[in-house]
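As a plain string of letters, each chain reads:
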Amino acid sequence: MESSEVPRIVVGVDGSPSSYAALLWADRHARTIGGAVEAIHVWDTPAARGWDGPTIEPLFDVEQARERFAQELRTVFPEGPPPGLTQHLVEGDPSDVLVRASEGAEVLVVGRRGRGGFARLVLGSVSQRCAQHAACPVVVVRQEDAPSR
């Protein structure tokens with residue numbers, strides 16, 4: 001990496017408490033190393049996957065995803081996003097999108113969804129696939145790991 005490049009910290013945000021913790025971790029890490037955070041929210045149209053259900057207007061889906069992402073960022077950063085945070089709203093499979101985004105990144109940060117009991121010991125499918133296939137180191141953050149701002 002050239003000295004003029006700012007380290008990229010890529011983080012997946014899906015509305016879960018562990019993804020909020022991952023976003024806070026990524027922000028803290030970026031401030032520590034002088035990096036920039038790229039928050040990625042991945043959405044999918046049910047019809048694109050062949051799910052049964054009513055036909056949905058694609059523009060409606062993207063508007064809903066955009067509003068959800070904006071709300072998620074307001075939840076994590078009530079005073080507004082930190083300087084240098086870039087936001088990417090991408091349609092597709094979360095694992096595939098995040099693995100592609102990891103190319104050239106300093107680190108990929110994802111949340112881990114625990115569902116209680118033994119399941120808390122197991123990584124979620126997206127975090128597991130990212131850990132296995134990302135082009136950079138991966139940090140998996142539990143909700144309890146959320147740093148104070």
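Just so you know, these numbers come straight off a predicted model, no measurement behind them. (Residues numbered from 1 in each chain as written. Predicted model: local features only at pLDDT ≥ 70, side-chain atom pairs only at ≥ 80, totals over all residues. Heavy atoms only, no water.)

A. Layout of the side chain of His41. One can find His41 in strand S2 (residues 36–43). At 3.0 Å, the side chain of His41 and the backbone oxygen of Val13 are in polar contact. In terms of polar contacts, His41 uses its side chain to reach the side chain of Glu72, at 3.1 Å. If sequence neighbours within four positions are ignored, His41 has contacts with Val13, Asp14, Ala65, Arg68, Phe69, Glu72, His88, Leu89 and Val90. (Helix = DSSP H or I, 4+ residues; strand = E, 2+ residues; numbered from the N terminus. Polar contact = N/O pair within 3.5 Å; in protein donor to acceptor, adjacent residues only side chain to side chain. Contact = heavy atoms within 4.5 Å.)

B. Representation of the confidence of the model for the chain. Of the residues in the chain, 75% reach a pLDDT of 70 or more, and the chain-wide mean stands at 84. This model gives residues 114–121 a pLDDT under 50, and the stretch forms three contacts once residues within four places in sequence are excluded. (pLDDT = per-residue confidence, 0-100.)

C. Examining the side chain of Glu72 more closely. Within the secondary structure layout, Glu72 lies in helix H2 (residues 58–76). Buried and without a salt bridge, Glu72 has Arg68 as its closest oppositely charged side chain, separated by 5.2 Å. Excluding residues within four positions of it along the chain, Glu72 makes contact with Val13, Asp14, Gly15, Tyr20 and His41. (Buried < 20%, exposed > 50% of the residue type's maximum accessible area, 1.4 Å probe, protein only. Lys, Arg positive; Asp, Glu negative; His and termini not counted. Salt bridge = Lys/Arg side-chain N within 4 Å of Asp/Glu carboxyl O.)

D. The arrangement of the pattern of salt bridges in detail. In the structure shown here, the tally under the stated rule is six salt bridges. For Arg8, the salt bridge is made with Glu38, and the minimal N-O distance between the two is 2.8 Å. In this pair, Arg8 is assigned in strand S1 (residues 8–12) and Glu38 in strand S2, connecting sequence segments 30 residues apart. What makes Glu38 buried here is its relative accessible area of 17%. Between Arg66 and Glu63 there is a salt bridge, with the nearest N and O atoms lying 2.5 Å from each other. Residue Arg66 and its partner Glu63 are both found in helix H2; the two are separated by three residues, about one turn of the helix. Given the relative accessible area of 45%, Glu63 is considered partly exposed. What you see here is one network of salt bridges that share partners, running through Asp93, Asp96 and Arg129.

E. Broad picture of helix H3 (residues 94–101). Turning to H3, its buried residues number three or more, namely Ser95, Val97, Leu98, Val99 and Ala101. For H3, the side-chain oxygen to backbone nitrogen distance between the N-cap and Ser95 is 3.1 Å, and the N-cap itself is Asp93.

F. Spotlight on the sheet that holds strand S5 (residues 138–141). With respect to topology, five strands assemble into an open sheet ordered S3-S2-S1-S4-S5, the strand pairing being parallel. Sheet topology places strand S3 (86–91) and S5 at the edges, where each strand pairs with a single neighbour. Each neighbouring strand pair of the sheet contributes to a mean axis angle of 25°, computed without reference to strand direction. In this structure, S1 lies alongside strand S4 (residues 107–111), joined through three bridges in parallel fashion. (Pairing = 2+ DSSP bridges. Axes fitted to C-alpha atoms, helices over the stretch in contact; angles between N-to-C directions.)

G. Seen up close, the environment of Arg112. Its place among the elements puts Arg112 in the loop between S4 and helix H4 (125–133). It is 8.6 Å that separates the C-alpha atoms of Arg112 and Val126, two residues lying 14 residues apart in sequence.

H. Fine view of the nonpolar core. Core analysis: the largest hydrophobic core is formed by 19 residues, its most contacted members being Ile9, Val11, Leu23, Val37, Ala39 and Val109. When residues of this core are traced back to their parent elements, those giving at least two are S1, helix H1 (17–33), S2, H2 and S4. For this core, the element with the most residues is H1, which contributes six residues. Setting aside anything within four residues of it in sequence, one finds Ala39 in contact with Val11, Val13, Leu23, Phe69, Leu85, Thr86, Gln87 and His88. With 13 residues, the next largest nonpolar core counts Ile40, Val97, Val99 and Ala101 among its residues. (Core = buried A, V, L, I, M, F, W, Y, C linked by side-chain atoms within 4.5 Å.)

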